[in-house]
Amino acid sequence: MTVLTIATTPYADQKPGTSGLRKKVPVFQQPNYAANFIQSIFDSLDGFAGTTLVIGGDGRFFNREVIQIAIRMGIANGFGRIIVGRGGILSTPAASCVIRAYGAFGGIVLSASHNPGGPTEDFGIKYNISNGGPAPEKITDAIFAISRTITRYLTIEAPDVDLDKDGETRIGGSVVQIIDPVADYAALMEQLFDFDAIRTLIGSGFRVAFDAMSAVTGPYATEILERRLGCPAGTVRNGTPLPDFGGHHPDPNLVHAKELYDLMMGADAPDFGAASDGDGDRNLIIGKGIFVTPSDSLAMLAANAHLAPGYKAGLKGIARSMPTSGAADRVAEALGVPLYETPTGWKFFGNLLDAGMATICGEESAGTGSDHVREKDGLWAVLLWLNILAARRESVMAIAQDHWSRFGRNYYARHDYEGVDSAAADAMMAELRGKLGTLPGTAFGTLTVATSDDFAYLDPVDGSTSNQQGIRILFEGGSRIVFRLSGTGTSGATIRVYIERYEPVGGDLAQATPDAIADLVGTVEAIAGIARHTGRTEPDVIT
Ligand code: G1P
Ligand code: ZN
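Procedures and definitions
Residues numbered from 1 in each chain as written. Chains lettered and ligands numbered in written order. Predicted model: local features only at pLDDT ≥ 70, side-chain atom pairs only at ≥ 80, totals over all residues. Heavy atoms only, no water. Donors = N, O, S within 2.8 Å, 3.2 Å for Na, K, Ca; no water. Tetrahedral: all angles 85-135°; square planar, octahedral: opposite > 155°, others 65-115°. Pairing = 2+ DSSP bridges. Helix = DSSP H or I, 4+ residues; strand = E, 2+ residues; numbered from the N terminus. Axes fitted to C-alpha atoms, helices over the stretch in contact; angles between N-to-C directions. Contact = heavy atoms within 4.5 Å. Near = heavy atom within 4 Å. Polar contact = N/O pair within 3.5 Å; in protein donor to acceptor, adjacent residues only side chain to side chain. Areas by Shrake-Rupley, 256 points an atom, 1.4 Å probe, with all protein chains shown as cover. Nonpolar A, V, L, I, M, F, W, Y, C, P; charged D, E, K, R; others polar. Parallel < 35°, antiparallel > 145°, perpendicular 65-115°, else oblique. Salt bridge = Lys/Arg side-chain N within 4 Å of Asp/Glu carboxyl O. Buried < 20%, exposed > 50% of the residue type's maximum accessible area, 1.4 Å probe, protein only.

### Description of the coordination of the zinc ion (ligand 2)
Ligation of the zinc ion (ligand 2) by protein atoms is provided by Ser113 (OG), Asp277 (OD), Asp279 (OD) and Asp281 (OD), these donors lying 1.9 to 2.1 Å from the ion. Classification of the site at the zinc ion (ligand 2) rests on its four donor atoms, whose angles at the metal span 85 to 162°, yielding the label irregular. Along the chain, the residues donating to the zinc ion (ligand 2) are arranged with the sequence spacing S-x163-D-x1-D-x1-D.

Here is the structure:
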């Protein structure tokens, strides 16, 4: 086997965002674009000669091509074993599971998560480290720096590997191993959850609807829900991963999973509805007649996790991203465990999980997970809910109402302004930042600003700091509005406005969310001037 050194020239735009490098497919199809980035990943790492690299993706358009490039480059760069999910498939949480299960050095996950796929849509590459979690900023910064000066990449001359056949192939001094993408992950789920109890629940006529959104969780959900837990065939909808996700956004929210939502609100609704995103790390939870917000779901899962075998010893701590509502804080307080507030992005949870400081983590963006892997995990959340429902034998609605009556309710919504002109969005944020010092004491209608700041995080494990992670406007009485720019978009800027109001125990816990937060929504323009800066008067998506 001859290692080929191919001359290349840098691209200036390979800066990883909240979750890896995401660009439109035609950007990735430029000469050497993917190879440059993959080589930059390898060049940012030390000491991996002879070790194992995991490769897989969410099956979107261009997945197979980049997997072949990555296999060849992994061998040329000296990995001893390359483990690839059959068909090039590995959900993000399954990739994390496989990296840990096989003691791999790291993994390359090809995904643009919930973004659309197809020849003109999105693609992405992320690197995960040996704990199974996203590379920390120290590594992503190094990857970016290398990508700006790269002059060559290493590859080998070899035919494509047959991705559809399990087994091992020796190529030069390395082995390429194609594995079942579901088996290790499903085995881990069986360890964490009481499958017998869930099977009994299903057997009693409890009805589940799971929408895989034509994305990666199809094979995982079919194996686990239908084959192992006894849900009838057809429980998993849109269960075949398609390169373009059937033309849809594989984003499990009320806009893109509207069919499931309508089903769950209908007269003959199943007992439990759920969906997951493009790469399987997000979840949407809907009970019969009730949507559970991701922030509430985190709090309810944390409050009930002890009902599942994997968590019966209790939680070491709970972590949530800053914009996520404070519902989980009240559970942590009641459980007597610490609550950590981190910047947006799963990578900030890794240190807390590794250090044994937190067991359950979550984000308002439909991400929940635990220390079983180092990524958020859509099906894990579904299975923990099912385990809780099997143990409590109450409806999702009853569990939610009971939760609010114990802890109070955090009414919450996120308003997204998408595809906004980047300069206008930056100007809006800069202006907000500039007036942080003068906002406290200012009244907006009935609301008065108590404090305002730009969230900064000091990682309690490694001492690193992350600044400018979102502007927080805290009102007297505990309501809050947070402004930040998305770090995952591929065109223009997305402004995210997170709105939250806490209603204590004894208050009106049965309001419609838009009514409950109407006052706060009414202050957004006066505080931030979104319309003035961007011309947008309404959000594009409300979740
Ligand atoms: C978004 C979510 C964030 C999540 C990330 C990756 O990032 O807001 O919580 O971790 O996707 O799934 P953003 O676009 O806001 O930077
Ligand atoms: Zn995702």
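### A short note on the sheet that holds strand β16 (residues 339–342)
Overall, mixed pairing links the four strands, which are arranged β16-β15-β17-β18 in an open sheet. With one partner strand each, in any of the chains shown, β16 and β18 (367–370) form the two edges of the open sheet. Averaged over neighbouring strand pairs, the angle between their axes works out to 15° when direction is ignored. Sitting on the sheet, helix α11 (residues 327–335) touches β15 (318–321) and β16, and the angle it makes with β15 is about 165°. Against the sheet, helix α13 (residues 378–392) makes contact with β17 (360–363) and β18, and its axis sits at roughly 75° relative to β18, the strand it touches most.

### Digging into the site of ligand 1
Ser365, Arg484, Gly487, Thr488 and Arg496 are the nearest of the 14 residues found near ligand 1. Here an oxygen atom of ligand 1 and a side-chain polar atom of Ser486 are 2.6 Å apart. At a separation of 2.6 Å, an oxygen atom of ligand 1 approaches a polar side-chain atom of Arg496. For ligand 1, whose free accessible area comes to 380 Å², the fraction covered by protein is 98%. Classifying every residue of the shell around ligand 1 gives no nonpolar, seven polar and seven charged.

### What to know about the packing of helix α10 (residues 294–304) against helix α14 (residues 396–407)
The N-to-C vectors of α10 and α14 enclose an angle of 85°; their axes lie 11 Å apart at closest approach. Relative to α14, the element α10 is oriented roughly perpendicular. Counting all contacts with α10, which are made through Asp296, Ala299, Met300, Ala303 and Asn304, the residues of α14 involved are Ile399, Ala400, His403, Trp404 and Phe407.

### Side note on the pattern of salt bridges
This model, assessed by the stated rule, comprises 35 salt bridges. In this structure, Arg199 and Asp196 form a salt bridge, with 2.6 Å as the shortest nitrogen-oxygen distance. With a gap of three residues between them, Arg199 and Asp196 both fall in helix α7 (residues 195–203), about one helical turn apart. The residue Arg228 makes a salt bridge to Glu223 at a minimum N-O spacing of 2.8 Å.

### Topic: the pairing of strand β12 (residues 272–276)
Burial runs high along β12: five of the five residues are buried. The two faces of β12 match: Phe272, Ala274 and Ser276 on one face and Gly273 and Ala275 on the other face are all buried. Across five bridges, the pairing between β12 and strand β13 (residues 283–287) is antiparallel. Bridge assignment links Ser276 to a residue of β13, and that residue is Asn283.

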